[in-house]
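Here is what each chain is made of, one letter per residue.
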Amino acid sequence: APATGGTPAGAAMKDARQGGPCAPVAPPGARVVALCFMATLVAYVERTGFNVAFTAAAAQRGLSQADKGTVLSAFYWGYALTQVPGGYLASKLGGQRVLCSSMITLAVVSILTPMTDKVEGSDVGDSPWWLTSVAAARVCVGVVQGVVFPSVHTLLAEWIAPHARSRCVSVAMSGMY
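Cut-off values and rules
Residues numbered from 1 in each chain as written. Predicted model: local features only at pLDDT ≥ 70, side-chain atom pairs only at ≥ 80, totals over all residues. Heavy atoms only, no water. Phe/Tyr/Trp six-rings, centres within 6.5 Å; stacked < 30°, edge-to-face > 60°. Helix = DSSP H or I, 4+ residues; strand = E, 2+ residues; numbered from the N terminus. Buried < 20%, exposed > 50% of the residue type's maximum accessible area, 1.4 Å probe, protein only. Lys NZ or Arg CZ within 6 Å of the ring centre and 35° of its normal. Patch = residues over 30% accessible without salt bridge, like charges linked within 9 Å, V, L, I, M, F, W, Y side chains within 5 Å. Areas by Shrake-Rupley, 256 points an atom, 1.4 Å probe, with all protein chains shown as cover. Salt bridge = Lys/Arg side-chain N within 4 Å of Asp/Glu carboxyl O.

Draft legend 1. Examining the packing of aromatic side chains more closely. Applying the stated rule across the entire model yields 5 aromatic pairs. Aromatic pair Phe-75 and Tyr-76: ring centres 4.8 Å apart, planes at 85°, arrangement edge-to-face. For the ring pair Phe-75 and Tyr-79, a centre distance of 5.4 Å and an interplane angle of 25° mean the geometry is stacked. One end of the pair is Phe-75 and the other is Tyr-79, both in helix α3 (residues 65–93) and 4 residues apart, which spans about a single turn. Just as Phe-75 is buried, Tyr-79 falls in that class too. In this structure an aromatic cluster arises from ring pairing among Phe-75, Tyr-76 and Tyr-79. Directly above the aromatic system of Tyr-44 lies the positively charged group of Arg-47, at a separation of 4.4 Å from the ring centroid. Note that Arg-138 overlies the ring of Phe-50, its terminal NZ or CZ placed 4.0 Å from the centroid.

Draft legend 2. Local environment of a nonpolar patch on the surface. A contiguous nonpolar surface patch, about 500 Å² in accessible area, is contributed by Ile-104, Val-108, Ile-111, Leu-112 and Met-115. Of note, Val-108 is situated in helix α4 (residues 95–112). In this structure Val-108 comes out as partly exposed when scored by relative accessible area, which is 43%.

This is how it looks when you write it as structure tokens:
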């Protein structure tokens, strides 16, 4: 809920500032910024971690540069497709719902990606189906991560007062670095 007006979040923030009996350890806005930071951090660790691991695995398996490039670029096919729809969904459904759904789906797809080794019962890397399944998994990861940043910005716009928003966006986005 937004931090303005007579909303529950606004009441919680007011209570937190006054140190009332229900005052949380950190104000809701600070928790939202911390969770957005963690979401951007997890997204970038997954994105770069796969690239490093796959590059090493591709070298061990003797994959061509073209095959390696196809798999590594597959992430961006999905990512580019969901930037604008992600912002629309976040504005209609709320940044919290879209971001939570995205992070849960990212976890599931990331867990399932190594299972692409078992496609068609073939030896790892010997089948074009293996490359196709890894590329498909990367497209799915891209689709899921494409909504992360629009959701984070929507969430911060919902919870952070305008005078503090630029600083909070900077902190949340620093998870990328």
